[in-house]
Amino acid sequence: MHTDNTQQASSPSRRQFSANTELRSPLRYPGGKRQLVPFFVDLLKLNDQTPLDLFVEPFAGGGAVSLHLLEAGLIERTVLADLDPLVYAFWHQACFKTEQLVADIATADVTLEEWHKLRANPGKTLREKAYACLFLNRTSYSGILQGRAGPIGGQRQQSKYKIDCRFYKEEIIHRLRQIGRLATEGRIAAVRRTDVHTTVRWVEENYSQSRRLYYFDPPFWEKGERLYRKAFRRPQHERLAKLLINLQAPWVLSYDYHDEIIDLYRASTDANGRTPGGLVPAGTPRLHTTDLTYCNRHEKRGATELIITNLNNVPHDYINRT
Ligand SMILES: C[S@@+](CC[C@H](N)C(=O)[O-])C[C@H]1O[C@@H](n2cnc3c(N)ncnc32)[C@H](O)[C@@H]1O
């Protein structure tokens with residue numbers, strides 16, 4: 001399922017967008033990559049890619065990077081794809097039925113009863129699922145929509161922080177309307193509920209003439225199953241590595257740091273950047289690491305993020321090791 005915005009971008013004047021403007025995602029996404037925004041800003045500039053025709057997030061989640069780059073005028077359009085039906089429904093409504101979602105949030109009853117109702121049954125229509133996605137995301141621990149995560153404040157609501165402590169209606173509505181405006185300007189090229197492989201095939205078939213950059217942010221190697229309703233096991237990580245090694249268009253991949261992932265990408269190319277099968281990839285995948293801090297109300301922890309890309313130039317300010 002997908003929604004394509006086939007109308008052309010309305011050639012937004014770049015001067016309308018200031019590099020300082022910020023558009024934050026309405027979703028508090030587990031593993032959200034807002035912290036990588038400065039890295040992407042410098043990466044695009046360093047590789048002479050601004051403004052880029054098309055940014056593609058096949059694992060969109062909260063879409064933090066796309067939203068910022070759009071608002072800053074560094075990319076013209078984005079494709080947001082996610083296999084999770086709730087996440088897809090959220091993006092569809094936020095972009096193309098904004099006022100419906102705004103109305104649902106404005107009248108939301110932010111209670112434990114509503115939380116249980118939506119957890120048991122997020123609904124059938126796109127409207128219902130989008131509302132359930134946003135409601136549960138803003139009222140569950142760490143924004144996790146997945147099985148074991150409970151409501152903020154616990155089942156007894158005895159904590160200092162209650163279920164509604166992250167449900168800032170006005171701010172959420174403001175962010176939704178900013179997204180709706182971007183969609184009206186034609187800057188959301190498509191919202192798709194497709195697997196990463198289908199998304200890449202579709203983009204390559206439809207946008208081969210566009211200057212494009214893919215940003216792959218797959219479910220974590222470790223703990224992915226605890227955080228996302230759609231996660232990866234080893235064979236899926238391996239399949240993704242094969243897809244990327246053979247993808248000619250520029251791409252960036254981020255992962256939680258694990259030696260097995262490094263092995264997957266290193267094993268795919270020999271010292272000359274050739275795959276064992278003889279194919280010559282567009283660029284030998286380059287491996288880098290950078291530090292990110294993930295935090296919620298209870299903990300703040302540092303994590304080393306693995307960044308792999310086939311681009312030649314990587315902004316070294318953000319990089320520890322290559
Ligand atoms: C690490 S999160 C992405 C976070 C995002 N970069 C952000 O900043 O919020 C990974 C996402 O991939 C989605 N996903 C899992 N399997 C997928 C698949 N096979 N194809 C597309 N999306 C998938 C999950 O639903 C989840 O939203």
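Just so we're clear, the structure is a prediction, and the values are computed from it rather than from any experiment.

Participant: What's the story with the site of the ligand in this structure? I'm lost.
Facilitator: With respect to spatial proximity, 23 residues lie near the ligand, and among them Y29, K33, D82, D195 and D217 are the closest. Residue D195 places a side-chain N or O atom 2.8 Å away from a nitrogen atom belonging to the ligand. Measuring from a nitrogen atom of the ligand, one finds a backbone N or O atom of V196 at 3.1 Å. Against a free-state accessible area of 610 Å², the protein chains account for coverage of 99% of the ligand. More than half of the atoms of the ligand fall within 2 Å of the grid points belonging to the second largest pocket.

Participant: Where do I start with the packing of helix 4 (residues 98-106) against helix 7 (residues 169-184) in this structure?
Facilitator: The relative placement of two packed helices comes down to the angle between their axes together with the axis-to-axis distance. As a packed pair, helix 4 and helix 7 sit with axes 10 Å apart at the nearest point and diverge in direction by 175 degrees. Judged by the angle between their axes, helix 4 and helix 7 are roughly antiparallel. Between helix 4 and helix 7, the contacting residues are T98, E99, L101, V102, I105 and A106 on the first element and K169, I172, I173, L176, R177 and G180 on the second. When grouped by side-chain class, the residues that make up the contact of helix 4 with helix 7 number seven nonpolar, two polar and three charged.

Participant: Could you clarify how one ought to interpret the pairing of strand 4 (residues 188-192) in this entry?
Facilitator: When you tally the buried positions in strand 4, you get five out of five residues, the bulk of the element. Strand direction decides the pairing type here: strand 3 (residues 75-81) and strand 4, joined by four bridges, are parallel. Looking at the pairing, L80 lines up with V191 of strand 4.

Participant: Before we go on, may I ask you to explain helix 6 (residues 126-139) in this structure?
Facilitator: Here helix 6 is 14 residues long and its end C-alpha atoms lie 20 Å apart, about the 20 Å a rise of 1.5 Å per residue gives. The element helix 6 is extensively covered by neighbouring structure, given that 11 of its 14 residues are classed as buried. For helix 6, every residue scored as buried is listed here: K129, A130, Y131, A132, C133, L134, F135, L136, N137, R138 and T139. On the buried face of helix 6, the contacting elements are helix 3 (85-96), helix 4, helix 5 (112-120) and helix 7.

Participant: In this structure, what is going on with the packing of aromatic side chains? I would like to understand it.
Facilitator: In this description, an aromatic ring pair is defined by two values, namely the gap between the centres and the angle between the planes. Going through the model one piece at a time under the given rule, you end up with 14 aromatic pairs. Aromatic pair F39 and F40: ring centres 5.5 Å apart, planes at 80 degrees, arrangement edge-to-face. For F40, a relative accessible area of 0% gives the class buried. Between F135 and F167 the ring centres are 5.5 Å apart and the planes differ by 50 degrees, which places this aromatic pair in the tilted class. Residue F135 is found in helix 6, and its partner F167 is found in the loop between helix 6 and helix 7; the two are separated by 32 residues along the sequence. Owing to a relative accessible area of 0%, F135 belongs among the buried residues under this scheme. Site record: aromatic cluster; members linked through ring pairs are F39, F40, F55 and Y215. R192 extends its terminal NZ or CZ atom over the ring of W202, reaching a point 4.2 Å from the ring centre.

Participant: Help me understand the nonpolar core, please; the structure alone is not making it clear to me.
Facilitator: Side chains that are nonpolar tend, in soluble globular proteins, to be buried together. Membership of the largest hydrophobic core comes to 66 residues, with the highest contact counts inside it found for F40 and W91. If you tally residues by element for this core, the top one is helix 3, at eight residues. Membership of the second largest hydrophobic core comes to 31 residues, among which are V56, A189, L244 and I261.

Calculation notes
- Residues numbered from 1 in each chain as written.
- Predicted model: local features only at pLDDT ≥ 70, side-chain atom pairs only at ≥ 80, totals over all residues.
- Heavy atoms only, no water.
- Near = heavy atom within 4 Å.
- Polar contact = N/O pair within 3.5 Å; in protein donor to acceptor, adjacent residues only side chain to side chain.
- Areas by Shrake-Rupley, 256 points an atom, 1.4 Å probe, with all protein chains shown as cover.
- 1 Å grid on protein atoms, 1.4 Å probe; cavity = no way out; pocket = protein on both sides within 12 Å on 5 of 7 lines; lining within 4 Å.
- Sits in = over half its atoms within 2 Å of the grid points.
- Axes fitted to C-alpha atoms, helices over the stretch in contact; angles between N-to-C directions.
- Helix = DSSP H or I, 4+ residues; strand = E, 2+ residues; numbered from the N terminus.
- Parallel < 35°, antiparallel > 145°, perpendicular 65-115°, else oblique.
- Contact = heavy atoms within 4.5 Å.
- Nonpolar A, V, L, I, M, F, W, Y, C, P; charged D, E, K, R; others polar.
- Buried < 20%, exposed > 50% of the residue type's maximum accessible area, 1.4 Å probe, protein only.
- Pairing = 2+ DSSP bridges.
- Expected span 1.5 Å × (residues − 1).
- Phe/Tyr/Trp six-rings, centres within 6.5 Å; stacked < 30°, edge-to-face > 60°.
- Lys NZ or Arg CZ within 6 Å of the ring centre and 35° of its normal.
- Core = buried A, V, L, I, M, F, W, Y, C linked by side-chain atoms within 4.5 Å.

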